[in-house]
Amino acid sequence: MPEFPPGHAFYYAVYVPAPSAQHLRETHQNPYLTIPDDLTVLPDWADGLVLEIQEAICVKCRMPYGAVAHEPECAADANPAHLRGGKKDRAWRHVAPPGQSASEVAARQEQRRRETPALMQASRISGLS
């Protein structure tokens, strides 16, 4: 993320129509638009292209303009932890007690499968001869 001055850094979010699947593949590889060069392929370009502003948001704290317009301080300047996510919002994860994890249970079952009574008896008999 580029360096922004202190306070909010508001940007507009607009939707630009994609003219074709080929154009989408090209922009997927290079996710930047050059204005007006990349917009001349749009059918409305000859008449003048009007882009509707969908939202004005602060790119640092990801809050809409209406929610933080009267707050000169941006929350992301002091502590951007709310943007990172992490375990604080996740559900508790179950940890199996010792000896009950999937790999340990599978190892015990494999050991039991190998130690059948017939195999143990056969090993005893062959050891006596």
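Residues numbered from 1 in each chain as written. Predicted model: local features only at pLDDT ≥ 70, side-chain atom pairs only at ≥ 80, totals over all residues. Heavy atoms only, no water.

1. Here we look at unusual backbone geometry
Part 1 of the argument: Of note in this structure, Arg 62 is not a glycine but carries a positive phi near 60°.
Part 2 of the argument: Considering the arrangement of structural elements, one finds Arg 62 in the loop between strand 2 (53-58) and helix 2 (65-68).
Part 3 of the argument: What makes Arg 62 exposed here is its relative accessible area of 52%. (Helix = DSSP H or I, 4+ residues; strand = E, 2+ residues; numbered from the N terminus. Buried < 20%, exposed > 50% of the residue type's maximum accessible area, 1.4 Å probe, protein only.)

2. Focus on the pattern of salt bridges
Part 1 of the argument: Scanning the entire structure with this criterion turns up one salt bridge.
Part 2 of the argument: The salt bridge partner of Lys 60 is Asp 77, with a shortest N-O separation of 2.8 Å. Note that Lys 60 is positioned in the loop between strand 2 and helix 2 and Asp 77 in helix 3 (residues 75-78), a separation of 17 residues in sequence.
Part 3 of the argument: In this structure Asp 77 comes out as partly exposed when scored by relative accessible area, which is 40%. (Salt bridge = Lys/Arg side-chain N within 4 Å of Asp/Glu carboxyl O.)

3. Digging into a nonpolar patch on the surface
Part 1 of the argument: Taken together, the side chains of Tyr 12, Val 14, Val 16, Leu 33, Leu 51 and Ile 53 make up a nonpolar region of the molecular surface, amounting to roughly 510 Å² of accessible area.
Part 2 of the argument: Relative to the helices and strands, Val 16 resides in the loop between strand 1 (10-14) and helix 1 (21-29).
Part 3 of the argument: Take Val 16: its relative accessible area is 31%, and that puts it in the partly exposed class. (Patch = residues over 30% accessible without salt bridge, like charges linked within 9 Å, V, L, I, M, F, W, Y side chains within 5 Å. Areas by Shrake-Rupley, 256 points an atom, 1.4 Å probe, with all protein chains shown as cover.)

4. Some thoughts on the packing of aromatic side chains
Part 1 of the argument: The tally for this structure, following the rule as stated, stands at one aromatic pair.
Part 2 of the argument: Taking the centre distance of 5.1 Å and the plane angle of 75° together, the rings of Phe 10 and Tyr 65 count as edge-to-face. Residue Phe 10 is found in strand 1, and its partner Tyr 65 is found in helix 2; the two are separated by 55 residues along the sequence.
Part 3 of the argument: On the basis of relative accessibility, which here comes to 34%, the residue Phe 10 falls in the partly exposed class.
Part 4 of the argument: The class for Tyr 65 is partly exposed, based on a relative accessible area of 46%. (Phe/Tyr/Trp six-rings, centres within 6.5 Å; stacked < 30°, edge-to-face > 60°.)

5. A look at the side chain of His 8
Part 1 of the argument: Here His 8 shows up in the segment before strand 1.
Part 2 of the argument: From its side chain, His 8 meets the backbone oxygen of Glu 71 in a polar contact 3.0 Å long.
Part 3 of the argument: For His 8, the side chain forms a polar contact with the main-chain oxygen of Glu 73, separated by 3.4 Å.
Part 4 of the argument: Those residues in contact with His 8, other than ones at most four positions away along the chain, are Cys 58, Cys 61, Val 68, Glu 71, Pro 72, Glu 73 and Cys 74. (Polar contact = N/O pair within 3.5 Å; in protein donor to acceptor, adjacent residues only side chain to side chain. Contact = heavy atoms within 4.5 Å.)

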